[in-house]
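In case you want the letters, here they are:
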Amino acid sequence: MSGSQLMSETAIEQPRSSVDFAEGTDAAVVFLSDALATMPELSTGEIEACSNVTARYSWGGTALVLDAWEPAGFVVTFNEPSVNGVALKSSGNFAVGDNAQAFFDALPREQAVDEYNDGSGPFVYDKVADASPWGESNAYGGVARLVTGGEVVSIVAPDTTRAFYC
């Protein structure tokens, strides 16, 4: 997952298919369902009041979640390194559970947010814009959150570092 699209690859990392986030929620749900060879569980109604989530599609419990919300449209979250034997990786080639400290340390200052001043993220690993569509003025694209020591605990796109704060 990059900051602007989802892509599936073969076992030898050759591109198979992709969907741009601009194609919308329905296209992303179809793409993920096809790539994972399973339909998602769907929850609707008030799911998370703080972020205006109106529908949640989930594969593998909470391993992979697509939240439909306003005003962004939708946000995809990887909380595990794989679902149904399919690896879930960022375009930076790291997954949940990997150590991405060196990647984080090499980012431009505007993409790395060290909220707690302890070497943890979140960070924007694939910047696609300087500001979010809803007006937030920090880097927007693919976002990951680290814990102290560099382990990736979640990967989100498209969003800002707001993805991890309510």
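In every chain, residue numbers begin from 1 and rise along the written sequence. A pLDDT threshold of at least 70 governs which residues receive local features in this predicted model, and a stricter bar of 80 or more applies before side-chain atom pairs are shown or counted, although totals over entire chains, interfaces and linings include all residues. In computing side-chain values, all of the structure's heavy atoms are included and hydrogens and water are not.

## Quick word on the overall build of the protein
- Broken down by element type, the protein carries two helices and eleven strands.
- Counting from the N terminus, the helices are DSSP H or I runs at least four residues long and the strands are E runs at least two residues long. Each helix and strand of the protein, placed in order from N terminus to C terminus, yields the pattern β-β-α-β-β-β-β-β-β-α-β-β-β.
- With C-alpha atoms as the basis for the radius of gyration, the globule rule is written as 2.2 Å multiplied by the number of residues raised to the power 0.38. For the protein, whose C-alpha radius of gyration is 15 Å, the value lies close to the compact-globule estimate of 15 Å for 166 residues.
- Referenced to the eigenvectors of the C-alpha coordinate spread, the extents of the protein come out at roughly 40 × 40 × 25 Å.
- We call a residue buried when its accessible area falls under 20% of the maximum for its residue type, exposed when it is over 50%, and partly exposed in between, using a 1.4 Å probe and counting protein chains only. Within the span of the protein, comprising 166 residues, buried residues form 42% of the whole.
- Restricting the contact set of the protein to residue pairs at least 6 apart, pairs at least 24 apart contribute 38%.
- In the form shown here, the protein has an accessible surface area of approximately 8,200 Å², with 48% of it arising from carbon and sulfur atoms.
- His is not counted here, nor are the chain ends, while Lys and Arg score as positive and Asp and Glu score as negative. By convention, charge coordinates are those of NZ in Lys, CZ in Arg, CG in Asp, or CD in Glu. Of the charged side chains in the protein, 7 are positive and 23 negative, and the gap between their average positions amounts to 3 Å. Whether two residues are in contact is decided by their heavy atoms: any pair within 4.5 Å suffices. What sets the accessible areas is the Shrake-Rupley method with a 1.4 Å probe; for residues, cover comes only from the shown protein chains.

## Let's talk about helix H1 (residues 25–36)
- To estimate how far a helix should extend, the number of its residues minus one is multiplied by 1.5 Å. Counted at 1.5 Å a residue, the expected span for H1 with its twelve residues is 16 Å, and the 16 Å between its end C-alpha atoms agrees.
- Of the positions making up H1, those classed as buried are Thr25, Ala28, Val29, Phe31, Leu32, Ser33 and Leu36.
- Residue Ala37 follows H1 closely and has a positive phi angle near 55°.

## With respect to the pattern of salt bridges
- When a carboxyl oxygen of Asp or Glu lies within 4 Å of a side-chain nitrogen of Lys or Arg, that pair is called a salt bridge. For the structure on display, the rule yields two salt bridges.
- Ionic pairing is found between Asp67 and Arg56, a salt bridge with its closest N-O pair at 2.5 Å. With a gap of eleven residues between them, Asp67 in strand S5 (residues 64–69) and Arg56 in strand S4 (residues 53–59) connect regions that are remote in the sequence.
- We classify Asp67 as buried; its relative accessible area is 10%.
- The partner of Lys127 in a salt bridge is Asp130, and the shortest N-O contact between them spans 2.6 Å.

## Points about the environment of Ala139
- Inspection of the secondary structure assignment puts Ala139 in the loop between strand S9 (123–129) and strand S10 (140–146).
- Each C-alpha atom of the pair Ala139 and Ala106 lies 16 Å from the other, and the pair is 33 residues apart in sequence.
- Not counting residues up to four positions away in its chain, the partners in contact with Ala139 are Glu110, Gln111, Val124, Lys127, Ala129, Asp130, Asp159 and Thr160.

## Describing the packing of aromatic side chains
- Planes of paired rings set the category: under 30 degrees apart is stacked, over 60 is edge-to-face and the rest tilted, where pairs are Phe, Tyr or Trp rings (Trp by its six-membered ring) whose centres lie within 6.5 Å. This structure, assessed with the given rule, holds six aromatic pairs.
- Between the aromatic rings of Phe21 and Phe74, the centroid separation amounts to 5.6 Å while the plane-to-plane angle is 75°, which identifies the pairing as edge-to-face. Residue Phe21 is found in the loop between strand S2 (15–20) and H1, and its partner Phe74 is found in strand S6 (residues 73–78); the two are separated by 53 residues along the sequence. Per residue, the accessibility class of Phe21 equals that of Phe74, and both read buried.
- Ring pairing ties together the aromatic residues Phe94, Phe103, Phe104, Phe123 and Tyr125, which thus form one cluster.

Function cannot be read off these values alone, since they describe shape.
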